[in-house]
Amino acid sequence: MAKPAAPRSVRGSRSGRPIMALLDLLGRRWTLRIMWELRDGALTSRSLRTACDEASPTILQTRLTELRETGFVELTDDGYTLTDLGRDLVQTFTPLNRFAERWSRRNG
């Protein structure tokens, strides 16, 4: 009997499960905030830093590099912007954002 094929390697996940790699990336400090701030259009490094409550420039650049390498963000003449893939991902947050708004009103 043949052995099942090993899961395909996914950056950030030894299991080969893409969801684990994605959740690991999104769980890193400032990653979601960067993507959320870019949802309405391109921002320069300085504008993005301001939008992210003056986050450390070093950590922002690290996260932007990771997001560029994984295909969610790109650098254009106008600044950093979401790629089509990045916009698709941010759109999946819309129902969660609506839920968070309802939850906030209930518990605020």
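Above this text is the structure in question.
The following paragraphs examine the structure supplied in this document. Just so it is clear, the model here is predicted, and its values are computed rather than measured.

As for the nonpolar core
Soluble, globular proteins show a tendency: their nonpolar side chains are buried together.
Next up, step 1: Judged by nonpolar contacts, the single largest core of 19 residues is most densely connected at Ile34, Met35, Leu38, Cys52, Leu67, Phe72 and Val73.
Next up, step 2: For this core, the secondary structure elements donating two or more residues are α1 (18-26), α2 (31-37), α4 (57-69), β2 (79-82) and α5 (84-92).
Next up, step 3: Those residues in contact with Ile34 that sit more than four places away from it in its chain are Leu48, Cys52, Leu60, Arg63, Leu64 and Leu67.

Some points on unusual backbone geometry
Next up, step 1: Its identity as a non-glycine residue notwithstanding, Asp53 has a phi of 55°, on the positive side.
Next up, step 2: Secondary-structure assignment places Asp53 in the loop between α3 (45-51) and α4.
Next up, step 3: Positive phi outside glycine occurs at Glu54, with the angle close to 60°.
Next up, step 4: If you trace the backbone, Glu54 turns up in the loop between α3 and α4.

Rules used in this analysis
- Residues numbered from 1 in each chain as written.
- Predicted model: local features only at pLDDT ≥ 70, side-chain atom pairs only at ≥ 80, totals over all residues.
- Heavy atoms only, no water.
- Core = buried A, V, L, I, M, F, W, Y, C linked by side-chain atoms within 4.5 Å.
- Buried < 20%, exposed > 50% of the residue type's maximum accessible area, 1.4 Å probe, protein only.
- Helix = DSSP H or I, 4+ residues; strand = E, 2+ residues; numbered from the N terminus.
- Contact = heavy atoms within 4.5 Å.

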